[in-house]
Amino acid sequence: MSRNSRFEHRDKRRKANMVLNILIGIVVVLILVVASSLLIFNKPADPDVAKEPSKTAPASSENKQNSEEDVKDQNKDTSDDSDAKKDDASDSDQDDDTKKTDDEDQPNKDALKDAKETDGGKTSDVNKTYENDDWEPVGTEQSGSHTATYDSNSTDWKEMIKAMSYATGISEDQMTVIWLGNNGGPQDAKGTIRDKSTGQRYRVEITWVDEKGWKPVKVEKLK
């Protein structure tokens, strides 16, 4: 091979290596550019922003839990208020029932003031006599045919005491029964009582009304 031919071959190879090196350099540059672009795009703009979701999630969960607790507390308060109102209503009903029962059991303290008054009576120990057309039977728990019973443990006795309390206005717990017995008929009774608070004695005549109980007929205030 001639000298010129060797020189040309060497020159071609040198040029080929140069082109190859240039191409390799371009590829490396492109790789660096692409890699830099990927890093820029994937990198958060603000580190605090990147961390924000982790902070927000627990806060949201906590707020939800607090909200549920608030709802439970509100429901509990509403339930407590409702129970309190029910309790108040129940207490009010019980008070009304107690008051009603007390009113029914409480005798009329002005019973004799509403009655017709006359001086004296058939016997010398009578100071004043009272009669009242508005007196009513006091009611009864008994049924069937009635027979007066003067046993202090009987229902009939208790109802006779109630009738005398009603006529005089003296409560049963303030009344001392001195005597209680027959008044000349099977359905007529008479009792002598004393007011514990004043010491005043009364004689009360009562009569039986079928299915309605004992009814006061006359009250005598004794000397």
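The chain carries the name DUF1510 domain-containing protein in an unreviewed UniProt entry, which gives Bacillus pumilus as its organism.

Peer 1: Sorry, what's going on with the nonpolar core here?
Peer 2: Note that soluble globular proteins tend to have their nonpolar side chains buried in a common cluster. Ranked by size, the top nonpolar core spans 23 residues in total, and within it Met-164, Ile-193, Tyr-202, Val-204, Ile-206, Trp-214 and Val-219 carry the most contacts. Within the residue set of this core, elements represented by two or more residues are α3 (155-168), β3 (175-182), β4 (188-195), β5 (201-209) and β6 (213-222). Per element, the largest residue contribution to this core is six residues, and it comes from α3. Discounting residues that sit within four places of it in the chain, Ile-193 has contacts with Met-164, Thr-168, Ile-170, Met-175, Thr-176, Val-177, Ile-178, Gln-200, Arg-201, Tyr-202 and Val-204.

Peer 1: Before we go on, may I ask you to explain the sheet that holds strand β2 (residues 126-131) in this structure?
Peer 2: The strands making up a sheet associate through hydrogen bonds between their backbones, and the pairing can be parallel or antiparallel. On the basis of which strands lie adjacent, the open sheet formed by six strands has the order β1-β2-β6-β5-β4-β3 and antiparallel pairing. Two strands lie at the open edges of the sheet, namely β1 (116-119) and β3, each paired on one side alone. Adjacent strand axes in the sheet meet at a mean angle of 25° when their direction is disregarded. Note that β2 and β6 share four bridges and pair antiparallel. Paired with Lys-128 across the two strands is Lys-221, which belongs to β6.

Definitions and limits used
Residues numbered from 1 in each chain as written. Predicted model: local features only at pLDDT ≥ 70, side-chain atom pairs only at ≥ 80, totals over all residues. Heavy atoms only, no water. Core = buried A, V, L, I, M, F, W, Y, C linked by side-chain atoms within 4.5 Å. Buried < 20%, exposed > 50% of the residue type's maximum accessible area, 1.4 Å probe, protein only. Helix = DSSP H or I, 4+ residues; strand = E, 2+ residues; numbered from the N terminus. Contact = heavy atoms within 4.5 Å. Pairing = 2+ DSSP bridges. Axes fitted to C-alpha atoms, helices over the stretch in contact; angles between N-to-C directions.

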